[in-house]
Amino acid sequence: MTDGKRPCAPVRQAYWLVIGALVLAATQAVAAAILLARFGAVHRAHGPWSVAEQAQADSVHARLAVAVVLGAGIAVLLAGAALAVPRRTTRTRAAVGGAAAFAGTALLLGVTLAADNAVLAAGAAELADLERLLPVWFSALSSGVVTGVVVLLGAALLRMGRDAAVEYYQHHRPPTRWRGFTSWHDIVNR
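About the thresholds
Residues numbered from 1 in each chain as written. Predicted model: local features only at pLDDT ≥ 70, side-chain atom pairs only at ≥ 80, totals over all residues. Heavy atoms only, no water. Helix = DSSP H or I, 4+ residues; strand = E, 2+ residues; numbered from the N terminus. Buried < 20%, exposed > 50% of the residue type's maximum accessible area, 1.4 Å probe, protein only. Contact = heavy atoms within 4.5 Å. Areas by Shrake-Rupley, 256 points an atom, 1.4 Å probe, with all protein chains shown as cover. Polar contact = N/O pair within 3.5 Å; in protein donor to acceptor, adjacent residues only side chain to side chain. Phe/Tyr/Trp six-rings, centres within 6.5 Å; stacked < 30°, edge-to-face > 60°. Patch = residues over 30% accessible without salt bridge, like charges linked within 9 Å, V, L, I, M, F, W, Y side chains within 5 Å. Salt bridge = Lys/Arg side-chain N within 4 Å of Asp/Glu carboxyl O.

Caption draft 1: Spotlight on the overall build of the protein chain. A count of helical and extended segments in the protein chain gives 7 helices and 0 strands. Element order for the protein chain, N to C, with α for helix and β for strand: α-α-α-α-α-α-α. Residues counted as buried form 37% of the 190 residues belonging to the protein chain. Counted over contacts in the protein chain with a minimum sequence separation of 6, partners at least 24 positions apart contribute 86%. In the form shown here, the protein chain has an accessible surface area of approximately 10200 Å², with 65% of it arising from carbon and sulfur atoms.

Have a look at this one:
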């Protein structure tokens, strides 16, 4: 049950699950940005590159840029969804569900554009050279982030579907005047 001001437990849990997904997406964006920032120096230090290796290196560079943009965009989208979770309106669950569906779909489609898909080494020596540009840990991080974000958002949507959360979103008295996003503060302080 809710006391009218404070969100119920499923809503608070959903909020923190969305925040967790946001942190994961931001982590991937930061890791890709770090690799992208050091890409030029690593590329020059380990050259010269064959034509095939250079084509793959260019593809890895472009895909790292896509990973930065995708991760940052998803993080911003999830920040908006996190701000929406505590809002007591009947449209909140639909808005958060739409954001979760878009984020999940974008991440799953982003797997096809992942930087590690550009690495098609002909042998162990070529693979070792390309792994200097794109370490194996980044591939593991990317896979973990996609899985984690999808699972966390799914869990958040399940929490928002609980009876207490449904009551929280549907049975409220809207204020006579909208006072802005103030209800998230109660969640953070609990």
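So much for the structure itself; the text now carries on.
Caption draft 2: Looking closely at the side chain of Arg88. For Arg88, the location among the structural elements is in the loop between α2 (51-84) and α3 (92-110). Within polar-contact distance, the side chain of Arg88 engages the backbone oxygen of Tyr168 at 3.0 Å.

Caption draft 3: The arrangement of the packing of aromatic side chains in detail. This model, assessed by the stated rule, comprises 3 aromatic pairs. Taking 5.1 Å as the distance between ring centres and 80 degrees as the angle between the ring planes, the aromatic pair formed by Tyr15 and Trp16 counts as edge-to-face. Note on Trp137 and Phe138: the rings are 6.2 Å apart at their centroids and 85 degrees apart in plane angle, and the pair reads as edge-to-face.

Caption draft 4: A look at a nonpolar patch on the surface. Together, Leu108, Val111 and Val150 line one region of the surface with nonpolar side chains, adding up to about 230 Å² of accessible area. With respect to the helices and strands, the residue Val111 is situated in the loop between α3 and α4 (124-133). On the accessibility criterion, Val111 (39% relative accessible area) is partly exposed.

Caption draft 5: The side chain of Thr92, seen in detail. As for its position among the elements, Thr92 is in helix α3. In contact with Thr92, other than residues within four places in its own chain, are Ala84, Val85, Arg87, Met160 and Tyr169.

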